[in-house]
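Take a look at the letters that make up each chain.
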Amino acid sequence: MRRDGADVGWSLVVPLKPLVRAKSRLSRAAGEEFRPKLALAFALDTVTAALACADVRDVAVVTDDQLAGERLAALGARILPDTPARGLNAALAHGAAAIRARRPGAAVAALNADLPALRPAELELVLHSASLFPRAFLADAADIGTTLLTATSGVELEPAFGGASRARHLASGAQEITAPDAPSVRRDVDTGEDLLAALALGVGPHTALQTPHLTGGAARGAKAPDGPERQLPPQVRASGA
């Protein structure tokens, strides 16, 4: 990927709440005991796919959750504590600043942690489009929120996530990316209905192994992340595919 003749390797910032508080709207579909496991699975599949994207140089996860930090670090992510402790956008700004403290010219992007169907090739398409603009964003599947916000070298990220963030990012001057060929980058998961939509796209193995009882057993047969490979049903993809 190039912009204005310069090579760009994206550094992604992925925010993740402590698992005990993450994905609260999934409680009705998953139950309180199961919900944190789903949140971790989403993050594992998201980061695995992001690290497999050709245009991604590295991934920094901002989290104070010890278990999530250990599991995501094992994938190759850099773990940053949420030292601002002032909510989502402060965590994202902190992550971007930490990346640029090491690499001042870094192109940075904020990516949601709840994209279990994320495909590296689709993320690459979106990042390529984003590289043409100083700041850019991708709306979620509902066209209300945001799943990805980018800032090229020398440009502040200025995150405004949460709720109706699509309108806020538009108002801030960020260019909206339209990506009809990249549905997996828009498919965040907040509700049971969202999860079924992600499963229809094909989720990564961590999520697939956590969802059989929600899908009538449809996710059985997934490849265990650290175990033997078994035949995958149509709605489950190998992580990073």
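Residues numbered from 1 in each chain as written. Predicted model: local features only at pLDDT ≥ 70, side-chain atom pairs only at ≥ 80, totals over all residues. Heavy atoms only, no water.

1. Thoughts on the confidence of the model for the protein chain
Low pLDDT marks regions whose predicted coordinates should not be analysed in detail.
Working step 1: Scored by pLDDT, the protein chain has a mean of 87; 85% of the residues are at 70 or more.
Working step 2: Ignoring residues within four places in sequence, the model shows residues 1–7, a span with pLDDT below 50, making 16 contacts including any to other chains.
Working step 3: Across residues 215–235, where pLDDT falls below 50, the model places 37 contacts with residues more than four positions away in sequence or in other chains. (pLDDT = per-residue confidence, 0-100. Contact = heavy atoms within 4.5 Å.)

2. What to know about the nonpolar core
Working step 1: In terms of nonpolar packing, the biggest core is built from 37 residues, with Leu12, Val59, Leu72 and Leu123 touching the most fellow members.
Working step 2: Elements with a contribution of two residues or more to this core: β3 (10–15), α2 (35–51), β4 (56–62), α3 (66–75), β6 (107–111), α5 (120–130) and β7 (135–139).
Working step 3: Looking at this core element by element, the count peaks at seven residues for α2.
Working step 4: In this view, leucine 123 contacts Leu12, Ala50, Cys53, Val56, Leu118 and Val185; residues no more than four positions away in its chain are not counted. (Core = buried A, V, L, I, M, F, W, Y, C linked by side-chain atoms within 4.5 Å. Buried < 20%, exposed > 50% of the residue type's maximum accessible area, 1.4 Å probe, protein only. Helix = DSSP H or I, 4+ residues; strand = E, 2+ residues; numbered from the N terminus.)

3. Some thoughts on the layout of surface pockets
Working step 1: As a volume, the largest pocket reaches approximately 990 Å³.
Working step 2: Along the wall of the largest pocket there are 36 residues; nearest its centre are Lys17, Lys23, Leu88, Asp114 and Asp190.
Working step 3: Here the residues of the lining of the largest pocket sort into 14 nonpolar, ten polar and twelve charged. (1 Å grid on protein atoms, 1.4 Å probe; cavity = no way out; pocket = protein on both sides within 12 Å on 5 of 7 lines; lining within 4 Å. Points joined across faces, edges and corners; volume = space filled by probe spheres on them. Nonpolar A, V, L, I, M, F, W, Y, C, P; charged D, E, K, R; others polar.)

4. Re the pairing of β3
Working step 1: For β3, the buried fraction is high: six of the six residues fall into the buried class.
Working step 2: With burial as the criterion, each face of β3 is covered, one bearing Trp10, Leu12 and Val14 and the other bearing Ser11, Val13 and Pro15.
Working step 3: The pairing of β3 with β4 spans six bridges and is classified as parallel. When the bridges of β4 are listed, leucine 12 appears paired with valine 59.
Working step 4: As paired elements, β3 and β6 share four bridges and run parallel to each other. Pairing of leucine 12 across the sheet is with alanine 109, part of β6. (Pairing = 2+ DSSP bridges.)

5. Details of helix α8 (residues 192–201)
Working step 1: Within α8, the full set of buried residues consists of Asp194, Leu195, Ala198 and Leu199. Viewed along the axis of α8, the buried residues span an arc of 140°, placing them on a single side of the element. When the buried face of α8 is taken as reference, the exposed residues oriented beyond 90 degrees from it are Glu193 and Ala200.
Working step 2: Where the residues of α8 are buried, they touch α2 and α9 (205–210).
Working step 3: Once α8 finishes, glycine 202 follows within two positions and takes phi at roughly 110°, a positive value. (Arc of directions from axis to C-beta.)

6. Here we look at the packing of α2 against α3
Working step 1: In contact at an axis separation of 10 Å, α2 and α3 are set at 25° when each is read in the N-to-C sense. By the angle class used here, α2 and α3 are roughly parallel. Note that α2 runs across α3; the crossing there is right-handed. From α2, Leu40, Ala43, Leu44, Val47, Thr48 and Leu51 reach across to α3, where they touch Leu67, Ala68, Arg71, Leu72 and Leu75.
Working step 2: Within the contact of α2 with α3, the residues separate by chemical class into nine nonpolar, one polar and one charged. (Axes fitted to C-alpha atoms, helices over the stretch in contact; angles between N-to-C directions. Parallel < 35°, antiparallel > 145°, perpendicular 65-115°, else oblique. Left-handed = near helix turned anticlockwise from the far one by under 90°.)

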